[in-house]
Amino acid sequence: MNSLIPLLVAAPLAGAALLLLGGRALDRFGHWIATALAALSCAFGLVLFFDMLGRDTEHRAVTERLFSWIPVGGFRADVSFQLDQLSIVFVLLITGVGTLIHLYSVGYMAHDERRRRFFAYLNLFLAAMLILVLADNYLLLYVGWEGVGLASYLLIGFWQHKPSAATAAKKAFIVNRVGDMGLSIAIMLMFAEFGSFAFRPVFSAAGDASEGKLTAIALMLLLAACGKSAQVPLQSWLGDAMEGPTPVSALIHAATMVTAGVYLITRSASIFNLAPDAQTAVVVVGAVTLLFGAIVGCAKDDIKKALAGSTMSQIGYMIMAAGLGPIGYAFAIMHLVTHGFFKAGLFLGAGSVMHGMNDEVNMRHYGGLRKYMPWTFATFMAGYLAIIGFPFLSGFFSKDKIIEAALAKGGTEGWILGTCALVGAAVTAFYMTRVVLLTFFGEKRWQPDAEGHRPHPHESPRTMVIPMVVLTFGSLFAGGLFSLGDSFLHFLEPVTGHEEGHAPLSAFAVSAIATVCMAAGVGLAWLKYGRKPVPVQAPRGSLLTRAARRDLLQDDFNHAVLVRPGSALAATLVFFDSKGLDGFVNGLAAAIGGLSGRLRRIQTGYVRTYALSMFGGTLVLVASTLLMRSV
Amino acid sequence: MNPVNYLYLAALLFTIGASGVLIRRNAIVLFMCVELMLNASNLALVTFSRMHGNLDGQILAFFTMVVAAAEVVVGLAIIVSIFRTRHSASVDDSNLMKL
């Protein structure tokens, strides 16, 4: 049965290779091949999952060693897969949501002439992500990590003819490189410290290492997580990444890629648990990002960018939970899964709306769409209610657990984190309500597009609606299902460990407060956007709004602090190089060249000239000999 | 007769040969001038041998003759082949090695 694990990865990988190498012959049906292979991978995942459930808790984790990749002396890297409870959760999320998004893309990309290539990249992305979560050592994880980065680059910049998309792809790749550097340094530190980078030896030896070294490794892992998961300070790429086709946003920027950071931290729990300082850093990053993303989400008029801010914020919740240690890991993963469902659903809904509105993304040009797109409206509402934590839907269970865990951290820290999480919940409710009100309610503010076509909103084709409906079930029921008898928690416990937190408030009180916060957010949004008509032109807004529209000045900050000094340094070096070094070398060459030109004239090519110089030489020799004798 | 006179003659012959090498352009003449210089030095060597009363100089003269013979063989061959290809025996025309 374990031999299915490599096949899990091989199926989408083969799809990518087939579609990329297959050429135009596959243009007509290549997308169905890709979708079928993703579904096949999902089926393998389900078989492995039920197989795992059939075993005792101690025997659930299995390892499948494929081959030895780099055996050099004491250095040994294997291509070896490990499937345990944590991996299988990710496998099911990636392949499940991935398959749905493949199906959705069949409809969404129907009129794109490079559709085959798009599906090849989607498959490549799935394969890379599966390698990432199935690796049993950090080096193979790094392969998947980079593969995900590459696939996201290709997909974000898929419409490369648009300069903004090309730039966004480069930005995502470059910002991710900073994080990747963190991961590679962490791997090197691990090898230096433990002599290995496979999970098992590293985690078992972690207890003997000094706290300083562990903190260094953990901080580098955090840097990596910040890059991939778009956390402060490496968050700037996520908003621009919305330049990619909408299914890409759903796949990469909601359900899978950005979760890699959470996976990395949860997987490295044994290291983080022993490095309290690093854990504090993780918690701070998470808390800051959850507020940062939420504030950005409030100000954006672009529906996808508003959702991107929301993604950033929700991942912030997960990172914060993961930073809390054993009281939070399982909840981080639980929120990750429920978020995977509802955020993918929301993005697909946003894509469906754009599909019907001539690719308009400005929410101020929507309005009143609920009658025209009933299915999109219904599924979007389900995702909306789930993400704001409406009682007894998915987000309610997973988010409340995180708030509870934050409070259970204890002391002032616990209160600060808990407050951040609650404020985040209120702001989430505010911006999501804003999105829904602007898009589906109110009067029609439709605007003709650049060519003057008035939009005729219509429901999307069936291939797009079905995935949204399936995701709706996840958004509605996943959280409740996971919480039934804490089944999800007990399932993950052998991998992540779990400690019962002791929150200063009862679980019921936390839920009540969170619900009140949510209601306050919804109410405020209704007062601002539901009660009175929404202007088509965005009002100037307060200072905070204007800052949030510019992503809270993150790009300006990066530009001023990193880009400007960087290019100044480069300019200085170029000046020094071209004037100083090149000047010296070129001058030397010119001097020697000129001198040689003069000297060359001596060579006349006539025999007598050479004979004369020989005679002259002989004369000098004889004369000097005679002179020496006489002295 | 005073052997020093032979040395004067040798010096004269050598100078004539050297001037010829420097001045003339015809390869054959040049060649003859080189022979003249070699023979002038032979004469000087034999004279020294006589003056010093040993045979060293005469033995060296034989060596010179052998070398000169070898030189004539190679040199004439070169001159002939150059003349065949370029229809000229002027050394000034053979300046292809010049850049």
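Computed from a predicted structure; not experimentally measured. (Residues numbered from 1 in each chain as written. Chains lettered and ligands numbered in written order. Predicted model: local features only at pLDDT ≥ 70, side-chain atom pairs only at ≥ 80, totals over all residues. Heavy atoms only, no water.)

A. View of the overall build of chain A. Within chain A one finds 24 helices and two strands. Pairs at least 24 apart in sequence give 81% of the contacts found in chain A among residues at least 6 apart. When the accessible surface of chain A is summed, it comes to about 26,100 Å², and 68% of that surface belongs to carbon and sulfur atoms. Between the centroid of the 47 positive side chains of chain A and the centroid of its 38 negative side chains there is a distance of 12 Å. (Helix = DSSP H or I, 4+ residues; strand = E, 2+ residues; numbered from the N terminus. Contact = heavy atoms within 4.5 Å. Areas by Shrake-Rupley, 256 points an atom, 1.4 Å probe, with all protein chains shown as cover. Lys, Arg positive; Asp, Glu negative; His and termini not counted. Charge placed at Lys NZ, Arg CZ, Asp CG, Glu CD.)

B. Local environment of the interface of chain B and chain A. Taken together, the contact between chain B and chain A spans 13 residues of the former and 10 residues of the latter. Overall, the association of chain B and chain A removes approximately 930 Å² of surface from exposure, summing both partners, and the carbon and sulfur fraction of that is 68%. In this structure, the connection of chain B to chain A is made through zero salt bridges. Seen at the junction of chain B and chain A, the total is zero residue pairs in polar contact (both at pLDDT 80 or more). Elements with a contribution of two residues or more to the side of chain B that touches chain A: helix H1 (4-23) and helix H2 (27-52) of chain B. It is H1 of chain B that provides the largest number of residues to the side of chain B that touches chain A, a total of four residues. Residues of the side of chain B that touches chain A, tallied by class, amount to eight nonpolar, two polar and three charged. (Buried area = accessible area lost by both parts, 1.4 Å probe. Salt bridge = Lys/Arg side-chain N within 4 Å of Asp/Glu carboxyl O. Polar contact = N/O pair within 3.5 Å; in protein donor to acceptor, adjacent residues only side chain to side chain. Nonpolar A, V, L, I, M, F, W, Y, C, P; charged D, E, K, R; others polar.)

C. A look at the side chain of Lys 343 of chain A. All names here are of chain A. Within the secondary structure layout, Lys 343 lies in helix H15 (residues 329-356). One buried charged residue, Lys 343, forms no salt bridge at all, with the nearest opposite charge on Asp 302 at 13 Å. Excluding its chain neighbours within four sequence positions, the residues that come into contact with Lys 343 are Ala 254, Leu 307, Ser 310, Thr 311, Gln 314 and Ile 387. (Buried < 20%, exposed > 50% of the residue type's maximum accessible area, 1.4 Å probe, protein only.)

D. Up close: the UniProt feature "domain: NADH-Ubiquinone oxidoreductase (complex I) chain 5 N-terminal" (unreviewed entry) in chain A. This chain's UniProt record puts "domain: NADH-Ubiquinone oxidoreductase (complex I) chain 5 N-terminal" (unreviewed entry) on residues 69-119 of chain A. When the span residues 69-119 of chain A is considered, its composition is 57% helix and 25% strand, and the gap between its end C-alpha atoms is 29 Å. (UniProt positions renumbered as here; feature names shortened; annotations may be inferred.)

E. Geometry of unusual backbone geometry. The linkage connecting Val 232 of chain A with the following residue, Pro 233 of chain A, adopts the cis geometry, with an omega of 10°. By secondary structure assignment, the location of Pro 233 of chain A is in the loop between helix H8 (211-229) and helix H9 (236-240). Its identity as a non-glycine residue notwithstanding, Phe 392 of chain A has a phi of 70°, on the positive side. Considering the arrangement of structural elements, one finds Phe 392 of chain A in the loop between helix H16 (374-387) and helix H17 (394-408). Phe 392 of chain A gets classed as exposed once you look at its relative accessible area, which sits at 62%. Positive phi outside glycine occurs at His 87 of chain B, with the angle close to 50°.

F. Main features of the nonpolar core. If you look at the biggest cluster of nonpolar residues, it comprises 201 residues, and the most contacted ones within it are Leu 134, Tyr 138, Leu 221, Ile 271 and Ile 333 of chain A. When neighbours within four sequence positions are excluded, Tyr 138 of chain A is seen to be in contact with Ile 187, Met 190, Phe 197, Phe 199, Phe 203, Leu 221, Leu 264, Ser 268 and Ile 271 of chain A. Within the second largest apolar cluster, six residues are counted, among which are Ala 611 of chain A together with Ala 18, Val 29 and Cys 33 of chain B. (Core = buried A, V, L, I, M, F, W, Y, C linked by side-chain atoms within 4.5 Å.)

G. Here's a closer look at the domain arrangement of chain A. The assigned domain composition of chain A is domain 1 (299-539) and domain 2 (559-630). Computed from C-alpha atoms alone, the centre-to-centre distance between domain 1 of chain A and domain 2 of chain A is 73 Å. (Domains from an automatic or database assignment.)

H. View of the packing of helix H10 (residues 246-255) of chain A against H15 of chain A. Residues and elements named next belong to chain A. Relative orientation of the contacting elements H10 and H15 amounts to 160°, with a least axis distance of 9 Å. Classified by the angle their axes make, H10 and H15 are roughly antiparallel. The handedness of the crossing between H10 and H15 comes out as right-handed. Residues Thr 246, Ser 249, Ala 250, His 253, Ala 254 and Ala 255 of H10 lie in contact with H15, whose contacting residues are His 339, Gly 340, Lys 343, Ala 344, Phe 347, Leu 348, Gly 351 and Met 354. Class assignment of the residues belonging to the contact of H10 with H15 gives a composition of seven nonpolar, six polar and one charged. (Axes fitted to C-alpha atoms, helices over the stretch in contact; angles between N-to-C directions. Parallel < 35°, antiparallel > 145°, perpendicular 65-115°, else oblique. Left-handed = near helix turned anticlockwise from the far one by under 90°.)

I. Structural context of the pattern of salt bridges. Residues and elements named next belong to chain A. One pass over the full model with this rule turns up 17 salt bridges over all chains. A salt bridge links Arg 364 to Asp 301, with the nearest nitrogen and oxygen atoms 3.0 Å apart. Of the two residues, Arg 364 sits in the loop between H15 and H16 while Asp 301 sits in the loop between helix H13 (276-299) and helix H14 (303-323), which places them 63 residues apart along the sequence. Taken as a pair, Arg 364 and Asp 301 share a single burial class, namely buried. Here the salt bridges do not stand alone but share partners, grouping Glu 146, Arg 177, Asp 180 and Lys 228 into one network.

J. Here's a closer look at the packing of aromatic side chains. Residues and elements named next belong to chain A. Using the criterion set out here, one finds 24 aromatic pairs over all chains in the structure. A centroid spacing of 5.9 Å and a plane angle of 75° characterise the contact between Phe 49 and Phe 491, whose relative ring orientation is edge-to-face. Of the two residues, Phe 49 sits in helix H2 (residues 30-53) while Phe 491 sits in helix H20 (residues 487-496), which places them 442 residues apart along the sequence. On the accessibility criterion, Phe 49 (18% relative accessible area) is buried. (Phe/Tyr/Trp six-rings, centres within 6.5 Å; stacked < 30°, edge-to-face > 60°.)

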